[in-house]
Structures are given as C-alpha cells and as structure tokens.
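# Per-entry structural report
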Amino acid sequence: MSWLPSTPEQLELCARRALTHIEVLASNIGARPSGSSAERQALDYVSGLLTGWGYEVQREAVAFAPTPPLNLPYLLGAIALGVAGWVSGEFPWLALALPFFFMILPQWSRWWVQNRKPTHSSENLLAKLDGKRSEPPVLLFCAHIDTARAVPLHHPWLLHLYSRTLDILQRFAWMIFALALLKAWGWPVAPGFLYSVAALGSLGGLWLAGLQLIPSPAEELAHSPGANDNASGVGVLLAVAEELATQTPLPLPIAFLFTTAEESGLYGGRDFVQAHPEWAKTTRVVCVDMVGKGEVLYYVAKEGLFNPLYTDRELQQAFLVANPSLQPLWHTLRSGDYAPFCQAGFRAISLESGGKSLSDWSYHTVFDTVEQINPEMLKKVIKTLSAFLEQSRAG
C-alpha cells in the first residue's frame with residue numbers, strides 16, 4: 001500500500017489540503033516574524049493539527065537575533081562601488097578588487113547575519129508519530145514557519161529591478177575593473193568613458209545603499225506574508241503528515257521539524273543540530289522551502305562560490321530516481337535550513353521550486369501572497385515526496 005496519494009484524485013485532495021494550510025498561515029494569520037504573536041499562533045495551529053492526528057509534539061526553545069534593519073556588509077559594498085570608479089587612478093587596487101569583493105559579498109553577509117548575539121527567543125516544533133520510539137528518526141522533514149522582513153519597495157517594476165540587483169552591480173564592478181586594468185597597462189581611455197562608468201558605479205552604489213537606509217514601512221507592511229516563503233513548505237509537510245498518520249504503524253521512524261528564525265540567520269536549524277548531535281549518524285533530512293511557485297522543481301546541490309557547501313549526494317540521487325525531472329540548484333545568494341544540517345554532518349537536502357531564471361520579484365515582499373501559489377506545483381512536490389518515501393521503504 002502506498003504511503004501517500006498515488007492516484008490523480010488522491011493527489012488533488014492532498015494538494016488542496018496543503019493549499020488550505022497555506023491560506024490559514026499566509027492570509028488568516030499573515031506575516032510571522034520570529035518570536036511574534038503571529039508566529040506563536042502559527043505554531044499553535046500546526047501543533048494542534050499534528051496532535052489531533054496522533055503525533056507527539058514537543059517544542060524546543062531557540063535564541064535568535066532579529067533581522068538587522070541595516071546590513072553592514074552590503075552598505076560597505078555600496079560605498080566601495082560608489083567611489084571605486086572615481087579613485088581608480090589613485091587607488092587602482094580598489095577597482096581591481098571590486099568584482100571579487102562582490103562575489104564574496106553574499107557569503108560574507110550571511111556570516112555576519114548568523115554570528116550576531118541572540119537577544120530574543122522563540123521555539124522550534126518537533127513532531128513524531130510514534131513517541132514511544134526513543135531512537136532518532138530515519139527521516140526528518142523540515143520547513144521553517146517564520147517569515148522575512150519585507151523589502152521596502154512596493155512597485156512591481158522596482159521589485160523586478162531589486163531581484164536583479166546583485167547581477168547588475170556585479171557587471172558594473174567588472175566594468176570598473178576593466179577600465180582600471182587598461183589604465184594600469186597604459187592604454188588610453190577616453191575621459192568621457194571613464195566618467196560614464198564611474199557614474200554608473202555611483203548610481204549602483206546609491207541604489208544598494210538606499211535599500212539599506214530606506215526606513216521600514218508601517219508594521220503591517222514590514223514583513224512578508226510568506227505564502228511561498230515558507231507557508232508552502234509548511235502546508236506541504238502538514239498534508240504529508242496527515243496522510244502518514246493514517247498509515248501507522250510505519251516501517252521506519254519519521255519526524256517533522258518546523259523551525260523558527262530561519263529568515264534572521266538559520267537560528268532554528270542551528271539550535272536543533274546542537275541539541276541533537278547524535279541524530280547526525282542515522283537521520284536523513286529533507287528540507288522543503290519555497291515550493292509553491294514556478295514550473296520547475298529543484299534540489300539544492302550546493303551553496304556558495306568559495307568553499308561551497310554540498311548537500312548529500314546519495315539523497316540527490318535518491319530524489320532524481322523519485323523524480324527524474326528535478327533540476328540541480330546552486331545557491332550563490334541565499335541559504336536555508338539545510339545548511340546547518342550539512343555543516344553538522346547530517347545527510348541533508350532541500351527542495352525548492354521556481355521559474356527557469358529563478359528570479360522572483362515577489363521574494364521577501366508584501367506580494368508573496370496566496371494568489372501567487374501554483375496548485376500544480378504543490379501536486380508535483382507531494383508526488384515527488386511520495387515516490388521518495390516509497391523508495392525509502394523499499395530500501
């Protein structure tokens with residue numbers, strides 16, 4: 001007997017249940033910043049459902065630092081980009097280092113965000129179907145329940161520009177680098193061309209600095225409602241958990257983890273691996289994050305440009321067997337809860353959906369609403385997880 005829906009009718013029903021959970025979280029409850037009353041309401045909602053389905057639920061305290069209103073690495077990047085073109089004659093090293101600085105900027109920013117001193121507290125939620133089993137689960141499904149601070153822009157065309165910001169600024173940095181290199185080699189460069197490129201760099205620096213310095217909007221617009229990021233992941237896992245609850249006893253132990261403070265620095269995931277180091281030997285982790293949009297389902301293969309972090313290759317192959325249409329994803333700008341698990345020695349992977357370009361203008365904005373969710377993608381994710389579970393049971 002299949003663990004999860006195997007017919008189109010069953011799959012439709014399961015996806016509809018996932019969409020209902022997304023609507024409750026993103027529309028009825030709304031934005032869920034870490035440690036807020038809205039996040040506690042979301043945790044209570046998830047806990048109540050799981051308890052009603054027969055799961056043993058426990059909450060684990062998490063200390064975190066809220067998302068800073070000002071990202072210092074990006075502000076320094078804005079200053080460097082703004083002045084490098086104008087001082088390339090006096091300080092050529094600045095212009096020559098600029099594109100490489102922008103290459104490491106996302107990783108440096110993540111390191112800075114994740115290493116701030118915790119000042120607030122919230123909770124992770126862990127659910128096991130058979131609470132009498134003391135051994136670690138063989139499979140742990142994970143999704144973060146909190147939502148991000150919203151980008152302080154509300155016009156779609158500005159948000160489209162924002163979604164391409166680092167790509168555009170990286171090109172400006174390479175233009176400044178090329179002109180500085182030509183000057184260092186003694187090649188003649190027209191002053192007007194130099195001024196134009198320097199001015200482009202200044203405009204890019206002002207744009208990046210402005211994104212850091214724009215005051216936060218009113219509280220109701222300060223955080224994203226997070227339908228795709230990540231009510232979609234929570235909704236899918238709740239639909240899976242409900243189906244599995246009807247299949248007891250399960251042939252292998254499975255648990256569900258709903259983390260907090262992912263958006264402010266992966267604090268929920270990091271605290272969990274520190275509290276359960278013994279699980280790394282036996283537990284495989286599948287994170288489900290932003291799986292409600294687009295037409296392509298991805299698995300995260302690696303993260304970072306320098307000293308990249310890889311997800312588990314055996315899990316990659318297992319998911320490719322479950323769904324051969326999956327595409328690999330290399331995160332250079334973002335991270336997720338899979339990262340602390342991989343760093344702690346867990347076999348972990350993450351699923352994510354999106355368009356072919358992966359440029360999502362509604363990411364971390366007030367426009368990340370239920371209307372953006374694609375029910376067909378929810379079906380694809382549930383079907384993929386179903387095939388993976390069947391494969392795990394057989395193996």
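See the structure shown above.
Conventions adopted
- Position numbers for residues count from 1 along each chain, tracking the sequence in the order it is written.
- The predicted origin of the model limits local features to residues at a pLDDT of at least 70 and limits the giving and counting of side-chain atom pairs to 80 or more, whereas totals for whole chains, interfaces and linings rest on all residues.
- In computing side-chain values, all of the structure's heavy atoms are included and hydrogens and water are not.
- A run of H or I in DSSP counts as a helix once it spans at least four residues, and a run of E counts as a strand once it spans at least two, with each numbered from the N terminus.
- Here the globule rule is a power law, 2.2 Å times the number of residues to the power 0.38, and the radius of gyration is based on C-alpha atoms.
- Only the protein chains shown count as cover for residues, and all accessible areas are computed by the Shrake-Rupley method using a 1.4 Å probe.
- The charged-residue count follows a simple rule in which Lys and Arg add positive charge and Asp and Glu add negative charge, with His and chain termini not counted at all.
- By convention, the point assigned to a charge is CZ for Arg, NZ for Lys, CD for Glu and CG for Asp.
- The patches reported here contain residues having more than 30% relative accessible area and no salt bridge. Joining distances are 9 Å for like charges and 5 Å for nonpolar side chains (Val, Leu, Ile, Met, Phe, Trp, Tyr).
- Salt-bridge detection follows one rule: a side-chain nitrogen of Lys or Arg within 4 Å of a carboxyl oxygen of Asp or Glu.
- Note on exposure labels: buried denotes an accessible area under 20% of the residue type's maximum, exposed denotes more than 50%, and partly exposed covers the range between, all computed with a 1.4 Å probe on protein chains only.
- To define a nonpolar core, start from buried Ala, Val, Leu, Ile, Met, Phe, Trp, Tyr and Cys residues and group those joined through side-chain atoms within 4.5 Å.
- All axes are obtained by fitting lines to C-alpha atoms, using only the stretch in contact for helices, and the reported angles, taken between N-to-C directions, cover 0 to 180 degrees.
- Whether a crossing is left-handed or right-handed is set by the direction in which the near helix is turned from the far one by less than a right angle, anticlockwise for left-handed and clockwise for right-handed.
- Here, residues are in contact when the closest pair of their heavy atoms is within 4.5 Å.
- Each residue is assigned to one class: nonpolar for Ala, Val, Leu, Ile, Met, Phe, Trp, Tyr, Cys and Pro, charged for Asp, Glu, Lys and Arg, and polar for all the others, Gly among them.
- Aromatic rings from Phe, Tyr and Trp, taking only the six-membered ring of Trp, are treated as a pair when their centres fall within 6.5 Å; an angle between ring planes under 30 degrees marks them as stacked, one over 60 as edge-to-face, and anything in between as tilted.
- By the criterion adopted, a ring carries a charge over it if an Arg CZ or a Lys NZ lies within 6 Å of its centre and within 35 degrees of its normal.

### A closer look at the overall build of the chain
- Scanning the chain from N- to C-terminus turns up 13 helices and nine strands.
- For 395 residues, the compact-globule estimate of 2.2 N^0.38 gives 21 Å, and the C-alpha radius of gyration of the chain, at 23 Å, lies within 12% of that figure.
- Taken along the three principal axes of its C-alpha coordinates, the chain extends 75 × 45 × 40 Å.
- About 17000 Å² of surface is accessible on the chain, with carbon and sulfur atoms providing 60% of the total.
- When the 28 positive and 34 negative side-chain charges of the chain are each reduced to one mean point, those points stand 5 Å apart.

### Focus on a nonpolar patch on the surface
- Judged by side-chain polarity, Leu72, Leu76, Ile79 and Val83 come together as a nonpolar surface patch covering roughly 310 Å² of accessible area.
- Summarising the element assignment, valine 83 is placed in helix H3 (residues 72-84).
- On the basis of relative accessible area, valine 83 is assigned to the partly exposed category, the value being 36%.

### Remarks on the nonpolar core
- In this structure, Phe141, Phe256, Phe258 and Leu385 are the most contacted members of the largest nonpolar core, which totals 61 residues.
- By residue number, the principal contributor to this core is helix H9 (residues 227-245), which donates 11 residues.

### Re the environment of leucine 76
- You can see leucine 76 is positioned in helix H3.
- On the accessibility criterion, leucine 76 (38% relative accessible area) is partly exposed.
- Separated by 193 residues in sequence, leucine 76 and glycine 269 place their C-alpha atoms 28 Å apart.

### Some points on the packing of helix H6 (residues 165-184) against helix H7 (residues 191-213)
- The interhelical angle for the contact between H6 and H7, taken along N-to-C directions, is 145°, at an axis separation of 10 Å. At the point where H6 passes H7, the crossing takes the left-handed sense. On H7, the residues that touch Thr165, Leu169, Phe172, Met175, Ile176, Leu179 and Lys183 of H6 are Phe193, Leu194, Val197, Leu200, Gly201, Gly204, Trp207, Leu208 and Leu211.
- The class makeup of the residues in the contact of H6 with H7 is 12 nonpolar, three polar and one charged.

### Brief notes about the packing of aromatic side chains
- As enumerated under the stated definition, the model contains 14 aromatic pairs in all.
- Seen from their ring centres, phenylalanine 100 and phenylalanine 177 are 6.0 Å apart, and the 80° between their planes marks the pair as edge-to-face. Highlighted residues: phenylalanine 100 in helix H4 (residues 92-114) and phenylalanine 177 in helix H6, separated in sequence by 77 residues.
- Classification of phenylalanine 100 by relative accessible area gives partly exposed; the value is 41%.
- The buried category is assigned to phenylalanine 177, whose relative accessible area is 17%.
- A connected cluster of aromatic rings, assembled from ring pairs, spans Phe272, Trp279, Phe341 and Phe346.
- Directly above the ring of tyrosine 267 sits arginine 270, whose terminal nitrogen or CZ lies 4.5 Å from the centroid.
- Arginine 334 extends its terminal NZ or CZ atom over the ring of tyrosine 363, reaching a point 4.5 Å from the ring centre.

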